[in-house]
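# Observations on the three-dimensional arrangement
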Amino acid sequence: MPHTAEWKVRLHLFEDDEGTTKAHVVLDTGTTELTGHGAAHCHPADTNVPEIGDELAAGRAMQDLAQQLLNTAERDIEGMGAPRPSTRQVAGWPM
């Protein structure tokens, strides 16, 4: 049975007063909203390149969001009566 869905993702980047770039990424599935957070700080000895801070903070926020989404999927799979995968297994439906 085919399934189509559209999830919306918003990524917000900002720099605080201490020079730390922070990122919040929000996933809206229409029924659930998850938020990932990430941060990056330029080392004082390094050249300040804002784009790199943005990339690091955004990547870390998306990584946080991805882990939350995988944890949610594992709980949902377990709720369907399937055993929770071990740390060496990848969660997913069999092909």
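Look a little higher up for the structure.
Report on the accompanying structure. All values reported here derive from a predicted model rather than from experimental measurement. Counting restarts for each chain: residues are numbered from 1 in the order of the written sequence. Under the rules for a predicted model, residues below a pLDDT of 70 receive no local features and side-chain atom pairs below 80 are neither given nor counted, while totals for whole chains, interfaces and linings still include all residues. Derived side-chain values reflect all non-hydrogen atoms in the structure, with water molecules and hydrogen atoms excluded from consideration.

Before going further, it helps to examine the nonpolar core. Within soluble globular proteins, side chains that are nonpolar tend to cluster in buried spots. Grouping buried Ala, Val, Leu, Ile, Met, Phe, Trp, Tyr and Cys residues that are joined through side-chain atoms within 4.5 Å yields what is termed a nonpolar core. Relative accessibility decides the category of a residue: with a 1.4 Å probe and only protein chains considered, values under 20% of the type maximum give buried, values over 50% give exposed, and everything between is partly exposed. Core analysis: the largest hydrophobic core is formed by eight residues, namely Ala 23, Val 25, Leu 27, Leu 34, Ala 40, Ala 57, Ala 61 and Leu 65. What counts as a helix is a DSSP run of H or I of at least four residues, what counts as a strand is a run of E of at least two, and both are numbered from the N terminus. Mapped onto this core, the elements with two or more residues apiece are strand 2 (20-28), strand 3 (33-41) and helix 1 (50-79). Filtering out sequence-adjacent residues up to four positions away, Ala 23 remains in contact with Leu 11, His 12, Leu 13, Gly 36, His 37, Gly 38, Ala 57, Ala 58 and Ala 61. Working rule for contacts: check all heavy atoms of both residues, and any pair within 4.5 Å makes them a contact.

What follows concerns the pattern of salt bridges. Think of a salt bridge as a Lys or Arg side-chain nitrogen and an Asp or Glu carboxyl oxygen that are within 4 Å of each other. Inspection of the entire model under this criterion finds two salt bridges. In this structure, the salt-bridge partner of Glu 6 is Lys 8, at a minimum N-O distance of 3.1 Å. For Glu 6, a relative accessible area of 59% corresponds to the exposed category. Here Asp 16 ties to Lys 22 by a salt bridge, and the two come within 3.6 Å at their closest N and O atoms.

Here we take up the side chain of Thr 21. Looking at the element boundaries, Thr 21 is found in strand 2. Overall, the relative accessible area of 7% leaves Thr 21 in the buried class. When sequence neighbours within four positions are dropped, the list of residues in contact with Thr 21 reads Phe 14, Glu 15, Gly 38, Ala 39, Ala 40, Gly 53, Asp 54 and Ala 57.

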